[in-house]
Each structure stands twice: as C-alpha cells, then as structure tokens.
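# Structural characterization, general
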Amino acid sequence: EPEVTQTPSHQVTQMGQEVILRCVPISNHLYFYWYRQILGQKVEFLVSFYNNEISEKSEIFDDQFSVERPDGSNFTLKIRSTKLEDSAMYFCASRRTGNSDGYTFGSGTRLTVV
Amino acid sequence: KNEVEQSPQNLTAQEGEFITINCSYSVGISALHWLQQHPGGGIVSLFMLSSGKKKHGRLIATINIQEKHSSLHITASHPRDSAVYICAVRSDPNFGNEKLTFGTGTRLTIIP
C-alpha cells in the first residue's frame with residue numbers, strides 16, 4: 001500500500017536554529033498538509049498546499065514557517081528560527097482529490113527544541 | 001470554527017468487551033474520519049464516512065449527520081486494540097479548504 005514518508009523520524013535542534021522537515025507524499029495525490037501535535041495535546045492544522053501554493057494556513061503558521069514542493073515529489077516544512085514551543089510531532093498528510101478520498105498520514109517527525 | 005468533542009477521554013476494558021467511543025461536532029462537515037494513534041505516534045486512518053455505517057473487521061463506525069454525532073465500536077476487543085482513537089472532521093467545502101479538525105482523542109486500554 002502506498003505510504004507517505006517523513007524524514008527524519010526524530011530531530012533535536014537548538015533554539016534559534018533552522019530546521020527542515022521532509023515529506024514524500026503519495027505520487028498521485030494533489031493535496032498536501034502539515035499538522036502538528038504538541039505532547040499531550042490534540043493534533044492541530046498548520047497549512048494546506050495545492051497546485052504549488054498555500055491554500056490555507058492556521059494562526060500557528062506565522063512568518064517563521066514556510067512550505068515548499070521543490071521538485072514535484074518532496075514537500076518540506078521549514079521553521080526558520082525554532083522556539084522551545086515548536087517542540088512537537090509534525091505530521092505530513094496527503095490526499096488525492098475529491099470528497100471521497102481519504103487522507104494518508106506519514107509516521108511523523110518528532111522535533112525537540114532545546 | 002468546528003468544535004470536535006470525544007468521550008470518554010480514557011477507557012479501560014477487559015479483553016472481549018464491546019467498546020464504544022463517541023464523537024460530536026458543532027458545524028456541518030463533508031466527512032468524518034476515525035484515526036488510530038499508537039504509542040510511537042504514527043497516525044493510521046481507520047474510516048472515512050459521510051453517512052450511515054462502515055465496517056472493517058471488528059471495527060464499526062456510524063454517523064448521524066442530523067445529530068452531528070459519530071460512534072466507533074470495537075467488538076471482541078483485544079489488547080492489541082490499545083491505542084488512542086481520534087475523531088477528525090473535514091470542513092464542509094462550502095466553507096473553505098478541507099482541512100481536518102481533530103478531537104482530543106480517546107485513550108483505550110484493553111486488559112488481557
């Protein structure tokens with residue numbers, strides 16, 4: 001069964017450093033998402049991406065965050081200057097198209113900012 | 001903004017028991033998802049439904065659109081069913097992009 005692949009599985013970074021989280025969505029999917037889950041809290045929407053542009057972003061997704069699909073296969077989330085409160089599990093998800101299509105989630109990247 | 005409430009927050013049961021987890025939401029949706037999250041953190045999609053009922057193995061999911069309510073049932077529960085079960089709703093496309101709004105999850109523990 002096709003998978004959404006996320007790398008790395010765990011990243012530790014110092015506060016103020018830039019991090020890039022990588023995702024390879026399923027190849028025929030057209031909608032891409034980043035979600036995050038702070039430890040002990042519910043999963044929150046960050047951003048959705050369609051047709052090579054952001055289609056919606058949440059209040060969390062401020063100027064420190066950016067997304068890119070540089071080569072038609074990878075989908076990346078960049079955090080420019082990490083803060084302690086960015087520590088969370090970050091999930092990439094993709095969806096083909098249409099109301100009948102479900103989401104496929106990656107296994108997540110656990111980001112720890114120290 | 002859609003509010004998604006799940007109950008119970010925690011559930012412990014004996015192996016073999018019939019399990020019910022409930023989810024309610026506040027505004028119209030295009031679909032509701034039931035997801036499973038294991039201790040390692042990964043999320044697996046169990047069901048997507050917009051009406052009626054779906055069954056997969058020992059899992060059954062139902063939704064009542066008029067009442068804005070869904071239930072996930074597990075028959076003949078087994079310790080390997082122990083996980084966090086999350087309800088997530090997809091926004092009505094008439095109100096914008098179809099992102100998912102998540103509930104807080106139900107932590108299920110099945111004791112042998």
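Given the structure is predicted, the values throughout are model-derived calculations rather than measurements. (Residues numbered from 1 in each chain as written. Chains lettered and ligands numbered in written order. Predicted model: local features only at pLDDT ≥ 70, side-chain atom pairs only at ≥ 80, totals over all residues. Heavy atoms only, no water.)

For the rest of this paragraph, the subject is the state of the cysteines. Residues and elements named next belong to chain A. Summed over the entire model, instances satisfying the criterion amount to two disulfides over all chains. A disulfide bridge connects C23 with C92, and the sulfur atoms are separated by 1.9 Å. A torsion of -60° about the S-S bond marks the disulfide between C23 and C92 as left-handed. Of this pair, C23 sits in strand β3 (residues 19–24) while C92 sits in strand β9 (residues 88–95), and the two are 69 residues apart along the sequence. Classification of C23 by relative accessible area gives buried; the value is 0%. The class of C92 is buried, set by a relative accessible area of 0%. (Disulfide = S-S within 2.5 Å. Helix = DSSP H or I, 4+ residues; strand = E, 2+ residues; numbered from the N terminus. Buried < 20%, exposed > 50% of the residue type's maximum accessible area, 1.4 Å probe, protein only.)

Residue and element names in this part refer to chain B. The sheet contact formed by strand β6 (residues 52–56) and strand β7 (residues 59–64) spans five bridges and is antiparallel. Bridged to H56 within β7 is L59. Adjacent in sequence and paired antiparallel, β6 and β7 are bridged by two residues, among which G57 carries a positive phi angle near 65°. Between β7 and strand β8 (residues 69–74), which follow one another and run antiparallel, lie four residues, and K68 among them has a positive phi close to 55°. (Pairing = 2+ DSSP bridges.)

Glancing now at the environment of K55 of chain B. Residues and elements named next belong to chain B. Position of K55 relative to the elements: it lies in strand β6. Classification of K55 as exposed rests on a relative accessible area of 61%. K55 sits 19 residues away from I74 along the chain, and the two C-alpha atoms are 10.0 Å apart. Those residues in contact with K55 that lie beyond four places of it in its chain are F47 and I60. In this structure the side chain of K55 is engaged in a polar contact, spanning 3.0 Å, whose partner is the backbone oxygen of G57. (Contact = heavy atoms within 4.5 Å. Polar contact = N/O pair within 3.5 Å; in protein donor to acceptor, adjacent residues only side chain to side chain.)

Turning next to the interface of chain A and chain B. Counting residues at the interface gives 21 residues for chain A and 18 residues for chain B. Of the roughly 1700 Å² buried at the junction of chain A and chain B (both faces included), carbon and sulfur atoms supply 53%. Summed over the shared surface of chain A and chain B, the result is one salt bridge. One salt bridge connects K99 of chain B with E56 of chain A, and the closest N-O pair in it is separated by 2.7 Å. Taken together, chain A and chain B are joined by three residue pairs in polar contact (both at pLDDT 80 or more). Those elements that provide at least two residues to the side of chain A that touches chain B are β4 (31–37), β5 (44–50), β6 (53–57), β9 and β10 (103–105) of chain A. (Buried area = accessible area lost by both parts, 1.4 Å probe. Salt bridge = Lys/Arg side-chain N within 4 Å of Asp/Glu carboxyl O.)

Residues and elements named next belong to chain B. Here P8 shows up in the loop between β1 (4–7) and β2 (10–14). Counting along the chain gives 79 residues from P8 to C87, while the straight-line C-alpha distance between them is 12 Å. When sequence neighbours within four positions are dropped, the list of residues in contact with P8 reads T20, G105 and T106.

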